Protein chains: 2
Amino acid sequence: MAPPNSDVGDVQRGAGRPRDPRIEQAALAAARELLVEVGYARLTVAAVAGRAGTTKAALYRRWPSLPHLVYEAAFPDDLLKDWHLGADLRADLLGIVVGTRDAFTTPVAAAALPGLLAEFSTHPVLHNALLSRFASVFEAIDDRLRDAATAGEVKAEARSEDLLRLMIGAALIGVLLGPETLDDAWAARITDILLEGIRP
Amino acid sequence: MAPPNSDVGDVQRGAGRPRDPRIEQAALAAARELLVEVGYARLTVAAVAGRAGTTKAALYRRWPSLPHLVYEAAFPDDLLKDWHLGADLRADLLGIVVGTRDAFTTPVAAAALPGLLAEFSTHPVLHNALLSRFASVFEAIDDRLRDAATAGEVKAEARSEDLLRLMIGAALIGVLLGPETLDDAWAARITDILLEGIRP
DNA sequence: CCGATTACGATACTCTTGGTTCCGTATTCG
DNA sequence: CGAATACGGAACCAAGAGTATCGTAATCGG
(Lines give C-alpha, C1' and ligand atoms only; values in the text may rest on other atoms or scores of the structure.)
Protein backbone atom coordinates (compact mmCIF):
# COMPACT_ATOMS: atom_id res chain seq x y z
CA MET A 1 0.00 0.00 0.00
CA ALA A 2 2.96 2.28 0.56
CA PRO A 3 2.99 5.24 2.92
CA PRO A 4 0.83 8.31 2.38
CA ASN A 5 2.51 9.09 -0.90
CA SER A 6 0.99 9.66 -4.29
CA ASP A 7 -0.85 7.56 -6.80
CA VAL A 8 2.16 6.77 -8.91
CA GLY A 9 5.78 5.85 -8.43
CA ASP A 10 7.86 5.69 -5.29
CA VAL A 11 8.99 2.76 -3.22
CA GLN A 12 10.20 2.39 0.32
CA ARG A 13 13.72 3.06 1.59
CA GLY A 14 15.38 1.15 4.41
CA ALA A 15 18.96 2.29 4.61
CA GLY A 16 21.26 4.67 2.85
CA ARG A 17 21.08 8.39 2.45
CA PRO A 18 17.46 9.55 2.51
CA ARG A 19 15.98 11.50 -0.30
CA ASP A 20 15.94 15.22 0.09
CA PRO A 21 12.22 15.97 0.44
CA ARG A 22 12.74 19.50 -0.84
CA ILE A 23 13.66 18.17 -4.25
CA GLU A 24 10.28 16.55 -4.72
CA GLN A 25 8.46 19.76 -3.91
CA ALA A 26 10.81 21.87 -5.97
CA ALA A 27 10.36 19.57 -8.95
CA LEU A 28 6.58 19.64 -8.75
CA ALA A 29 6.58 23.40 -8.40
CA ALA A 30 8.97 23.79 -11.31
CA ALA A 31 6.83 21.50 -13.44
CA ARG A 32 3.75 23.54 -12.62
CA GLU A 33 5.46 26.78 -13.52
CA LEU A 34 6.89 25.47 -16.75
CA LEU A 35 3.61 23.87 -17.76
CA VAL A 36 1.94 27.25 -17.66
CA GLU A 37 4.89 29.06 -19.20
CA VAL A 38 5.77 26.83 -22.12
CA GLY A 39 2.99 24.25 -22.28
CA TYR A 40 3.09 20.50 -22.17
CA ALA A 41 4.68 20.00 -25.56
CA ARG A 42 7.74 22.10 -24.80
CA LEU A 43 8.20 20.83 -21.29
CA THR A 44 11.51 19.01 -20.92
CA VAL A 45 12.94 17.03 -18.06
CA ALA A 46 16.13 19.02 -18.18
CA ALA A 47 14.20 22.26 -17.81
CA VAL A 48 12.27 20.98 -14.81
CA ALA A 49 15.45 19.74 -13.20
CA GLY A 50 17.22 23.00 -13.91
CA ARG A 51 14.53 25.17 -12.44
CA ALA A 52 14.19 22.87 -9.47
CA GLY A 53 17.90 23.24 -8.87
CA THR A 54 18.65 19.57 -9.32
CA THR A 55 19.42 17.08 -12.09
CA LYS A 56 17.53 14.71 -14.31
CA ALA A 57 18.87 11.73 -12.39
CA ALA A 58 17.22 12.91 -9.20
CA LEU A 59 13.89 13.22 -10.99
CA TYR A 60 14.07 9.80 -12.59
CA ARG A 61 14.82 8.46 -9.15
CA ARG A 62 11.36 9.65 -8.10
CA TRP A 63 9.17 9.33 -11.17
CA PRO A 64 9.40 6.64 -13.82
CA SER A 65 8.79 9.11 -16.65
CA LEU A 66 7.99 12.70 -17.38
CA PRO A 67 4.24 12.18 -17.74
CA HIS A 68 4.14 10.70 -14.26
CA LEU A 69 5.77 13.80 -12.87
CA VAL A 70 3.43 16.04 -14.82
CA TYR A 71 0.42 14.12 -13.64
CA GLU A 72 1.36 14.46 -10.02
CA ALA A 73 2.12 18.14 -10.52
CA ALA A 74 -1.12 18.94 -12.28
CA PHE A 75 -3.52 16.69 -10.40
CA PRO A 76 -2.53 16.56 -6.74
CA ASP A 77 -4.47 14.37 -4.39
CA ASP A 78 -6.62 17.14 -2.99
CA LEU A 79 -7.76 18.56 -6.29
CA LEU A 80 -11.24 17.08 -6.05
CA LYS A 81 -12.78 17.79 -2.69
CA ASP A 82 -15.95 16.35 -1.28
CA TRP A 83 -18.95 18.51 -1.90
CA HIS A 84 -21.05 17.69 1.15
CA LEU A 85 -23.78 16.17 -0.99
CA GLY A 86 -27.19 15.71 0.48
CA ALA A 87 -28.77 19.12 0.43
CA ASP A 88 -30.79 20.30 -2.52
CA LEU A 89 -30.34 17.99 -5.50
CA ARG A 90 -29.79 20.86 -7.87
CA ALA A 91 -27.20 22.35 -5.55
CA ASP A 92 -25.45 19.00 -5.37
CA LEU A 93 -25.29 18.61 -9.13
CA LEU A 94 -24.20 22.19 -9.59
CA GLY A 95 -21.45 21.60 -7.09
CA ILE A 96 -20.12 18.69 -9.09
CA VAL A 97 -20.27 20.60 -12.34
CA VAL A 98 -18.49 23.57 -10.82
CA GLY A 99 -15.97 21.39 -9.03
CA THR A 100 -15.10 19.48 -12.17
CA ARG A 101 -14.83 22.67 -14.14
CA ASP A 102 -12.57 24.21 -11.52
CA ALA A 103 -10.36 21.15 -11.41
CA PHE A 104 -9.93 21.22 -15.18
CA THR A 105 -9.59 24.94 -15.73
CA THR A 106 -6.71 25.52 -13.37
CA PRO A 107 -4.00 26.99 -15.60
CA VAL A 108 -1.69 24.12 -14.86
CA ALA A 109 -4.40 21.47 -15.28
CA ALA A 110 -5.59 23.00 -18.52
CA ALA A 111 -2.03 23.00 -19.83
CA ALA A 112 -1.38 19.43 -18.77
CA LEU A 113 -4.68 17.75 -19.56
CA PRO A 114 -4.48 17.37 -23.34
CA GLY A 115 -0.97 16.04 -23.20
CA LEU A 116 -1.77 13.65 -20.40
CA LEU A 117 -4.84 12.35 -22.18
CA ALA A 118 -2.58 11.44 -25.07
CA GLU A 119 -0.17 9.61 -22.79
CA PHE A 120 -2.94 7.54 -21.29
CA SER A 121 -2.79 5.02 -24.09
CA THR A 122 0.92 4.56 -23.43
CA HIS A 123 0.77 4.71 -19.63
CA PRO A 124 -2.29 2.83 -18.37
CA VAL A 125 -1.12 3.51 -14.83
CA LEU A 126 -1.73 7.19 -15.31
CA HIS A 127 -5.06 6.48 -16.89
CA ASN A 128 -6.23 4.55 -13.89
CA ALA A 129 -4.75 7.09 -11.51
CA LEU A 130 -6.81 9.92 -12.91
CA LEU A 131 -9.89 7.75 -13.09
CA SER A 132 -9.54 6.80 -9.46
CA ARG A 133 -9.66 10.48 -8.65
CA PHE A 134 -13.26 10.39 -9.80
CA ALA A 135 -14.12 7.11 -8.19
CA SER A 136 -15.23 8.73 -4.96
CA VAL A 137 -17.22 11.30 -6.88
CA PHE A 138 -18.92 8.56 -8.82
CA GLU A 139 -19.85 6.68 -5.72
CA ALA A 140 -21.16 9.80 -4.07
CA ILE A 141 -23.26 10.81 -7.03
CA ASP A 142 -24.49 7.25 -7.37
CA ASP A 143 -25.75 7.18 -3.80
CA ARG A 144 -27.21 10.63 -4.11
CA LEU A 145 -29.09 9.66 -7.23
CA ARG A 146 -30.44 6.54 -5.63
CA ASP A 147 -31.79 8.56 -2.77
CA ALA A 148 -33.32 11.04 -5.16
CA ALA A 149 -34.92 8.19 -7.07
CA THR A 150 -36.60 6.73 -4.01
CA ALA A 151 -37.70 10.23 -3.10
CA GLY A 152 -39.29 10.49 -6.51
CA GLU A 153 -37.08 13.37 -7.55
CA VAL A 154 -35.56 11.61 -10.53
CA LYS A 155 -36.35 8.72 -12.82
CA ALA A 156 -35.48 5.33 -11.48
CA GLU A 157 -33.57 4.46 -14.64
CA ALA A 158 -31.31 7.49 -14.40
CA ARG A 159 -27.70 6.33 -14.44
CA SER A 160 -25.18 8.21 -12.40
CA GLU A 161 -22.47 7.14 -14.79
CA ASP A 162 -24.23 8.82 -17.69
CA LEU A 163 -24.64 11.93 -15.66
CA LEU A 164 -21.06 12.07 -14.49
CA ARG A 165 -19.73 11.47 -17.96
CA LEU A 166 -21.87 14.24 -19.35
CA MET A 167 -20.52 16.57 -16.71
CA ILE A 168 -16.89 15.65 -17.18
CA GLY A 169 -17.24 15.64 -20.93
CA ALA A 170 -18.74 19.10 -20.95
CA ALA A 171 -15.94 20.46 -18.78
CA LEU A 172 -13.31 18.69 -20.85
CA ILE A 173 -14.64 20.00 -24.13
CA GLY A 174 -14.70 23.43 -22.59
CA VAL A 175 -11.04 23.22 -21.69
CA LEU A 176 -10.09 21.90 -25.10
CA LEU A 177 -12.07 24.56 -26.92
CA GLY A 178 -11.25 27.48 -24.69
CA PRO A 179 -12.17 27.76 -21.03
CA GLU A 180 -13.27 31.36 -21.33
CA THR A 181 -16.85 30.25 -21.89
CA LEU A 182 -17.08 28.15 -18.75
CA ASP A 183 -18.48 30.78 -16.43
CA ASP A 184 -21.03 30.28 -13.68
CA ALA A 185 -23.89 30.85 -16.06
CA TRP A 186 -22.60 27.97 -18.15
CA ALA A 187 -22.47 25.76 -15.09
CA ALA A 188 -26.02 26.70 -14.21
CA ARG A 189 -27.29 25.96 -17.70
CA ILE A 190 -25.57 22.59 -17.84
CA THR A 191 -26.88 21.68 -14.43
CA ASP A 192 -30.40 22.62 -15.41
CA ILE A 193 -30.32 20.56 -18.57
CA LEU A 194 -29.04 17.50 -16.76
CA LEU A 195 -31.39 17.89 -13.84
CA GLU A 196 -34.46 18.28 -16.01
CA GLY A 197 -33.17 15.48 -18.15
CA ILE A 198 -33.45 12.96 -15.36
CA ARG A 199 -36.64 14.12 -13.69
CA PRO A 200 -39.49 11.63 -13.72
CA MET B 1 -8.97 29.17 -51.77
CA ALA B 2 -7.02 26.36 -53.37
CA PRO B 3 -8.58 23.55 -55.39
CA PRO B 4 -10.83 20.93 -53.80
CA ASN B 5 -8.11 19.70 -51.55
CA SER B 6 -8.10 19.18 -47.83
CA ASP B 7 -8.31 21.44 -44.83
CA VAL B 8 -4.59 21.65 -44.24
CA GLY B 9 -1.44 21.96 -46.25
CA ASP B 10 -0.89 21.98 -49.98
CA VAL B 11 -0.24 24.80 -52.38
CA GLN B 12 -0.66 25.23 -56.10
CA ARG B 13 1.65 23.89 -58.82
CA GLY B 14 2.20 25.48 -62.20
CA ALA B 15 5.05 23.70 -63.90
CA GLY B 16 7.44 20.90 -63.21
CA ARG B 17 6.81 17.27 -62.62
CA PRO B 18 3.40 16.73 -61.08
CA ARG B 19 3.01 14.92 -57.81
CA ASP B 20 2.18 11.30 -57.99
CA PRO B 21 -1.37 11.15 -56.63
CA ARG B 22 -0.93 7.56 -55.55
CA ILE B 23 1.61 8.60 -52.96
CA GLU B 24 -0.92 10.74 -51.14
CA GLN B 25 -3.41 7.91 -50.94
CA ALA B 26 -0.79 5.37 -50.00
CA ALA B 27 0.49 7.60 -47.22
CA LEU B 28 -2.96 8.19 -45.77
CA ALA B 29 -3.73 4.49 -45.92
CA ALA B 30 -0.41 3.62 -44.30
CA ALA B 31 -1.00 6.15 -41.56
CA ARG B 32 -4.43 4.70 -40.87
CA GLU B 33 -3.06 1.19 -40.66
CA LEU B 34 -0.19 2.14 -38.42
CA LEU B 35 -2.39 4.23 -36.17
CA VAL B 36 -4.48 1.19 -35.39
CA GLU B 37 -1.51 -1.15 -35.19
CA VAL B 38 0.92 0.81 -33.04
CA GLY B 39 -1.04 3.82 -31.81
CA TYR B 40 -0.38 7.49 -32.11
CA ALA B 41 2.59 7.61 -29.79
CA ARG B 42 4.63 5.05 -31.70
CA LEU B 43 3.71 6.31 -35.11
CA THR B 44 6.79 7.58 -36.94
CA VAL B 45 7.16 9.37 -40.22
CA ALA B 46 9.69 6.87 -41.42
CA ALA B 47 7.29 4.01 -40.77
CA VAL B 48 4.49 5.70 -42.70
CA ALA B 49 6.82 6.44 -45.59
CA GLY B 50 8.15 2.91 -45.55
CA ARG B 51 4.75 1.27 -45.63
CA ALA B 52 3.56 3.70 -48.27
CA GLY B 53 6.53 2.73 -50.40
CA THR B 54 8.00 6.20 -50.48
CA THR B 55 10.29 8.44 -48.45
CA LYS B 56 9.99 11.03 -45.74
CA ALA B 57 10.83 13.80 -48.16
CA ALA B 58 7.79 13.01 -50.28
CA LEU B 59 5.57 13.20 -47.22
CA TYR B 60 6.98 16.49 -46.01
CA ARG B 61 6.35 17.80 -49.52
CA ARG B 62 2.65 17.23 -48.87
CA TRP B 63 2.11 17.82 -45.19
CA PRO B 64 3.89 20.33 -43.00
CA SER B 65 4.18 17.93 -40.09
CA LEU B 66 3.20 14.49 -38.91
CA PRO B 67 0.12 15.64 -36.99
CA HIS B 68 -1.24 17.23 -40.16
CA LEU B 69 -0.92 13.95 -41.96
CA VAL B 70 -2.51 12.07 -39.10
CA TYR B 71 -5.35 14.51 -38.96
CA GLU B 72 -6.14 14.13 -42.61
CA ALA B 73 -5.87 10.37 -42.32
CA ALA B 74 -8.14 10.06 -39.30
CA PHE B 75 -10.69 12.76 -40.07
CA PRO B 76 -11.36 12.84 -43.80
CA ASP B 77 -13.70 15.42 -45.19
CA ASP B 78 -16.68 13.14 -45.40
CA LEU B 79 -16.54 11.82 -41.89
CA LEU B 80 -19.45 13.89 -40.69
CA LYS B 81 -22.39 13.62 -43.00
CA ASP B 82 -25.52 15.64 -42.97
CA TRP B 83 -28.30 14.01 -41.03
CA HIS B 84 -31.32 15.32 -42.93
CA LEU B 85 -32.57 17.16 -39.86
CA GLY B 86 -36.14 18.25 -39.73
CA ALA B 87 -38.09 15.17 -38.90
CA ASP B 88 -38.82 14.21 -35.32
CA LEU B 89 -36.74 16.30 -32.90
CA ARG B 90 -35.74 13.28 -30.91
CA ALA B 91 -34.68 11.46 -34.04
CA ASP B 92 -32.64 14.45 -35.09
CA LEU B 93 -30.81 14.67 -31.78
CA LEU B 94 -30.27 10.95 -31.68
CA GLY B 95 -28.80 11.15 -35.16
CA ILE B 96 -26.27 13.71 -34.03
CA VAL B 97 -25.32 11.71 -30.96
CA VAL B 98 -24.92 8.55 -32.98
CA GLY B 99 -23.08 10.34 -35.76
CA THR B 100 -20.63 11.94 -33.37
CA ARG B 101 -20.08 8.66 -31.59
CA ASP B 102 -19.48 6.87 -34.87
CA ALA B 103 -17.04 9.51 -36.01
CA PHE B 104 -15.04 9.22 -32.80
CA THR B 105 -15.15 5.47 -32.29
CA THR B 106 -13.70 4.51 -35.64
CA PRO B 107 -10.60 2.52 -34.71
CA VAL B 108 -8.37 4.97 -36.48
CA ALA B 109 -10.15 8.02 -35.07
CA ALA B 110 -10.07 6.62 -31.57
CA ALA B 111 -6.35 5.98 -31.91
CA ALA B 112 -5.61 9.42 -33.30
CA LEU B 113 -7.93 11.59 -31.26
CA PRO B 114 -6.08 11.83 -27.95
CA GLY B 115 -2.78 12.54 -29.65
CA LEU B 116 -4.30 15.12 -31.93
CA LEU B 117 -6.03 16.87 -29.07
CA ALA B 118 -2.65 17.28 -27.48
CA GLU B 119 -1.18 18.74 -30.63
CA PHE B 120 -3.93 21.31 -30.92
CA SER B 121 -2.17 23.65 -28.53
CA THR B 122 0.92 23.49 -30.73
CA HIS B 123 -0.87 23.52 -34.09
CA PRO B 124 -3.79 25.95 -34.01
CA VAL B 125 -4.38 25.19 -37.68
CA LEU B 126 -5.35 21.65 -36.83
CA HIS B 127 -7.50 22.87 -34.00
CA ASN B 128 -9.51 25.08 -36.29
CA ALA B 129 -9.64 22.41 -38.95
CA LEU B 130 -11.35 19.93 -36.68
CA LEU B 131 -13.63 22.60 -35.30
CA SER B 132 -14.71 23.61 -38.77
CA ARG B 133 -15.81 20.03 -39.29
CA PHE B 134 -18.46 20.69 -36.70
CA ALA B 135 -19.35 24.14 -37.89
CA SER B 136 -22.00 22.87 -40.26
CA VAL B 137 -23.36 20.60 -37.59
CA PHE B 138 -23.55 23.49 -35.20
CA GLU B 139 -25.39 25.63 -37.67
CA ALA B 140 -27.83 22.84 -38.49
CA ILE B 141 -28.57 22.09 -34.87
CA ASP B 142 -28.90 25.79 -34.15
CA ASP B 143 -31.54 26.22 -36.83
CA ARG B 144 -33.29 23.06 -35.80
CA LEU B 145 -33.44 24.21 -32.20
CA ARG B 146 -34.78 27.59 -33.18
CA ASP B 147 -37.58 25.94 -35.11
CA ALA B 148 -38.33 23.67 -32.20
CA ALA B 149 -38.42 26.67 -29.89
CA THR B 150 -40.99 28.51 -31.99
CA ALA B 151 -42.97 25.30 -32.20
CA GLY B 152 -42.94 25.18 -28.42
CA GLU B 153 -41.03 21.92 -28.34
CA VAL B 154 -38.10 23.26 -26.36
CA LYS B 155 -37.30 26.14 -24.08
CA ALA B 156 -36.53 29.41 -25.80
CA GLU B 157 -33.34 29.78 -23.79
CA ALA B 158 -31.96 26.44 -24.87
CA ARG B 159 -28.54 26.95 -26.43
CA SER B 160 -27.52 24.76 -29.28
CA GLU B 161 -23.89 25.25 -28.34
CA ASP B 162 -24.50 23.80 -24.89
CA LEU B 163 -26.28 20.87 -26.43
CA LEU B 164 -23.63 20.18 -29.02
CA ARG B 165 -20.84 20.38 -26.48
CA LEU B 166 -22.62 17.96 -24.20
CA MET B 167 -22.98 15.55 -27.07
CA ILE B 168 -19.41 15.82 -28.24
CA GLY B 169 -18.08 15.75 -24.71
CA ALA B 170 -20.00 12.60 -23.91
CA ALA B 171 -18.69 10.85 -27.00
CA LEU B 172 -15.17 12.07 -26.34
CA ILE B 173 -15.18 10.88 -22.77
CA GLY B 174 -16.49 7.59 -23.98
CA VAL B 175 -13.58 7.19 -26.35
CA LEU B 176 -11.05 8.19 -23.73
CA LEU B 177 -12.51 5.82 -21.16
CA GLY B 178 -13.20 2.90 -23.43
CA PRO B 179 -15.66 2.91 -26.33
CA GLU B 180 -17.12 -0.44 -25.46
CA THR B 181 -19.87 1.23 -23.45
CA LEU B 182 -21.06 3.48 -26.26
CA ASP B 183 -23.74 1.23 -27.65
CA ASP B 184 -27.08 2.27 -29.04
CA ALA B 185 -28.70 2.10 -25.64
CA TRP B 186 -26.17 4.62 -24.43
CA ALA B 187 -26.98 6.91 -27.33
CA ALA B 188 -30.68 6.63 -26.56
CA ARG B 189 -30.16 7.44 -22.89
CA ILE B 190 -27.99 10.46 -23.64
CA THR B 191 -30.47 11.71 -26.19
CA ASP B 192 -33.33 11.36 -23.75
CA ILE B 193 -31.53 13.25 -21.02
CA LEU B 194 -30.65 16.11 -23.32
CA LEU B 195 -34.07 16.23 -24.92
CA GLU B 196 -35.93 16.28 -21.63
CA GLY B 197 -33.39 18.75 -20.36
CA ILE B 198 -34.41 21.39 -22.86
CA ARG B 199 -38.13 20.83 -22.96
CA PRO B 200 -40.23 23.77 -21.80
C1' DC C 1 33.63 3.89 14.31
C1' DC C 2 32.65 0.89 9.94
C1' DG C 3 30.71 -1.06 6.14
C1' DA C 4 26.73 -1.34 3.36
C1' DT C 5 23.44 1.23 1.08
C1' DT C 6 21.40 4.90 -1.09
C1' DA C 7 21.06 9.84 -2.59
C1' DC C 8 23.37 13.74 -4.49
C1' DG C 9 25.36 16.83 -8.46
C1' DA C 10 27.79 16.61 -12.63
C1' DT C 11 28.59 14.84 -16.84
C1' DA C 12 28.71 11.96 -20.63
C1' DC C 13 26.37 8.87 -23.25
C1' DT C 14 22.86 6.13 -26.24
C1' DC C 15 19.00 6.06 -29.05
C1' DT C 16 14.97 7.59 -31.23
C1' DT C 17 12.70 10.79 -34.01
C1' DG C 18 11.05 15.02 -36.39
C1' DG C 19 12.53 17.59 -39.87
C1' DT C 20 16.02 19.31 -43.52
C1' DT C 21 19.17 19.07 -47.26
C1' DC C 22 21.56 17.31 -51.18
C1' DC C 23 22.07 14.20 -54.89
C1' DG C 24 21.16 12.34 -59.52
C1' DT C 25 17.18 11.31 -62.16
C1' DA C 26 12.47 11.77 -64.13
C1' DT C 27 8.52 14.35 -65.75
C1' DT C 28 5.83 18.24 -67.18
C1' DC C 29 5.11 23.04 -69.02
C1' DG C 30 6.09 26.77 -72.04
C1' DC D 1 15.33 23.02 -74.91
C1' DG D 2 15.24 25.19 -70.36
C1' DA D 3 12.91 26.11 -66.14
C1' DA D 4 10.59 24.12 -62.54
C1' DT D 5 9.20 20.52 -59.71
C1' DA D 6 8.79 15.72 -58.27
C1' DC D 7 10.97 11.34 -57.26
C1' DG D 8 13.92 7.77 -54.37
C1' DG D 9 17.89 7.50 -51.63
C1' DA D 10 20.68 8.87 -48.26
C1' DA D 11 23.11 11.74 -45.30
C1' DC D 12 22.49 14.96 -41.98
C1' DC D 13 21.04 17.95 -37.84
C1' DA D 14 19.04 19.08 -33.40
C1' DA D 15 16.40 17.94 -29.58
C1' DG D 16 15.13 15.33 -26.02
C1' DA D 17 13.99 10.97 -23.17
C1' DG D 18 16.19 7.97 -20.52
C1' DT D 19 20.59 5.53 -18.72
C1' DA D 20 25.12 5.13 -16.76
C1' DT D 21 29.33 6.52 -14.40
C1' DC D 22 31.95 8.98 -10.85
C1' DG D 23 33.25 11.00 -6.78
C1' DT D 24 30.98 12.58 -2.70
C1' DA D 25 27.60 12.89 1.14
C1' DA D 26 24.34 11.08 4.39
C1' DT D 27 22.02 7.47 7.03
C1' DC D 28 21.51 2.79 9.08
C1' DG D 29 22.80 -1.42 11.51
C1' DG D 30 26.29 -3.39 14.15
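The rules behind each value
- Residues numbered from 1 in each chain as written.
- Chains lettered and ligands numbered in written order.
- Predicted model: local features only at pLDDT ≥ 70, side-chain atom pairs only at ≥ 80, totals over all residues.
- Heavy atoms only, no water.
- Helix = DSSP H or I, 4+ residues; strand = E, 2+ residues; numbered from the N terminus.
- Buried < 20%, exposed > 50% of the residue type's maximum accessible area, 1.4 Å probe, protein only.
- Axes fitted to C-alpha atoms, helices over the stretch in contact; angles between N-to-C directions.
- Parallel < 35°, antiparallel > 145°, perpendicular 65-115°, else oblique.
- Left-handed = near helix turned anticlockwise from the far one by under 90°.
- Contact = heavy atoms within 4.5 Å.
- Nonpolar A, V, L, I, M, F, W, Y, C, P; charged D, E, K, R; others polar.
- Near = heavy atom within 4 Å.
- Polar contact = N/O pair within 3.5 Å; in protein donor to acceptor, adjacent residues only side chain to side chain.
- Domains from an automatic or database assignment.
- Buried area = accessible area lost by both parts, 1.4 Å probe.
- Salt bridge = Lys/Arg side-chain N within 4 Å of Asp/Glu carboxyl O.
- Least-squares fit on C-alpha atoms with pLDDT ≥ 70 in both.

Caption draft 1: Here's a closer look at the overall build of chain A. The helix and strand tally for chain A stands at 9 helices and 0 strands. Counting from the amino terminus, helix and strand elements in chain A follow one another as α-α-α-α-α-α-α-α-α. On the principal axes, the C-alpha backbone points of chain A span a range of 60 × 40 × 30 Å. A total of 200 residues make up chain A; the buried ones form 48% of that total.

Caption draft 2: Here's a closer look at the packing of helix H1 (residues 21–38) of chain A against helix H2 (residues 45–52) of chain A. Residues and elements named next belong to chain A. One way to put it is that H1 packs onto H2 with a least axis distance of 8 Å and a crossing angle of 120°. Between H1 and H2, the angle falls in the class oblique. In this structure, H1 crosses over H2, and the sense of that crossing is right-handed. Contacts between H1 and H2 involve Ala-26, Ala-27, Ala-30, Ala-31, Glu-33, Leu-34 and Glu-37 from the former and Ala-47, Val-48, Arg-51 and Ala-52 from the latter. Residues that form the contact of H1 with H2 fall into these classes: 8 nonpolar, no polar and 3 charged.

Caption draft 3: Main features of the protein's contact with DNA strand D. Taken together, 25 residues lie around DNA strand D, and Pro-18 and Lys-56 of chain A together with Thr-54, Arg-61 and Arg-62 of chain B are the ones closest in. Each atom of DNA strand D within 4 Å of the protein was classed as base or backbone; sugar and phosphate made up 69%. Within the backbone of Leu-43 of chain A, a nitrogen or oxygen atom sits 3.3 Å from a phosphate oxygen of DNA strand D. Between DNA strand D and the protein, one listed contact pairs a base oxygen with a side-chain N or O atom of Lys-56 of chain A at 2.6 Å.

Caption draft 4: Inspection of the domain arrangement of chain A at higher detail. All names here are of chain A. As far as domains go, chain A holds domain 1 (21–74) and domain 2 (89–197). Each of domain 1 and domain 2 has a C-alpha centre, and the two are 28 Å apart. Counting the surface domain 1 buries against domain 2, the share from its top three residues, Tyr-40, His-68 and Tyr-71, is 56%. Put simply, domain 1 and domain 2 have 0 salt bridges between them. Taken together, domain 1 and domain 2 are joined by 3 residue pairs in polar contact (both at pLDDT 80 or more). Of all the secondary structure elements, the ones that give two or more residues to the side of domain 1 that touches domain 2 are H1 and helix H4 (66–74). Looking at the side of domain 1 that touches domain 2, the element that brings in the most residues is H4, giving 5 residues. In terms of residue class, the side of domain 1 that touches domain 2 is made up of 7 nonpolar, 2 polar and 1 charged.

Caption draft 5: Region of interest: the environment of Ala-170 of chain A. Inspection of the secondary structure assignment puts Ala-170 of chain A in helix H8 (residues 160–177). Take Ala-170 of chain A: its relative accessible area is 2%, and that puts it in the buried class. Residues Ala-170 of chain A and Leu-182 of chain A lie 12 residues apart in sequence; the distance between their C-alpha atoms is 9.5 Å. With residues up to four places along the chain from it excluded, the contact list for Ala-170 of chain A reads Trp-186 of chain A together with Leu-166 of chain B.

Caption draft 6: Up close: the packing of helix H7 (residues 124–150) of chain B against helix H8 (residues 160–177) of chain B. Residues and elements named next belong to chain B. Relative to each other, H7 and H8 sit at 130°, their axes nearing to 9 Å. On the basis of their axis angle, the class for H7 and H8 is oblique. Here H7 and H8 pass one another in a crossing that is right-handed. Residues Phe-134, Val-137, Phe-138, Ile-141, Asp-142 and Leu-145 of H7 form the contact with H8, whose participating residues are Ser-160, Glu-161, Leu-163, Leu-164, Met-167 and Ile-168.

Caption draft 7: Expanded view of the protein's contact with DNA strand C. Close to DNA strand C lie 26 residues, the nearest being Gly-16, Thr-54, Arg-61 and Arg-62 of chain A together with Lys-56 of chain B. Each atom of DNA strand C within 4 Å of the protein belongs either to a base or to sugar and phosphate, the latter forming 68%. The side chain of Thr-54 of chain A places a nitrogen or oxygen atom 2.5 Å from a phosphate oxygen of DNA strand C. For DNA strand C, a base oxygen lies 3.2 Å from a polar atom in the backbone of Arg-17 of chain B. Here the residues of the surface near DNA strand C are counted per class, giving 10 nonpolar, 8 polar and 8 charged.

Caption draft 8: Examining the interface of chain A and chain B more closely. Listed as interface residues are 33 residues of chain A and, on the opposing side, 33 residues of chain B. The contact between chain A and chain B buries some 2900 Å² in all, and 67% of this surface belongs to carbon and sulfur atoms. Of all residues in chain A, the largest losses of buried area upon contact with chain B belong to Arg-165, Leu-166 and Ile-193 of chain A, amounting jointly to 23% of the total for that side. The shortest N-O distance in the salt bridge between Arg-189 of chain A and Asp-162 of chain B comes to 2.5 Å. Of all the elements in the fold, those that place two or more residues in the side of chain A that touches chain B are helix H6 (107–119), helix H7 (124–150), H8 and helix H9 (184–197) of chain A.

Caption draft 9: Here's a closer look at the relation of the copies chain A and chain B. When chain A is fitted to chain B, the best match, at an RMSD of 0.1 Å, comes from turning it 180° and sliding it 0.0 Å along the axis. What the superposition gives is, in effect, a two-fold axis relating one chain to the other. When the interface residues of chain A are mapped onto chain B, 100% of them again lie at the interface, so the same face is used by both copies.

Caption draft 10: Main features of H4 of chain A. All names here are of chain A. Within H4, 9 of the 9 residues are buried, which leaves it mostly tucked inside the rest of the structure. Restricting attention to buried positions, one finds in H4 the residues Leu-66, Pro-67, His-68, Leu-69, Val-70, Tyr-71, Glu-72, Ala-73 and Ala-74. Residues of H4 that are buried sit in contact with H1, H2, helix H3 (56–60), H6 and H7.

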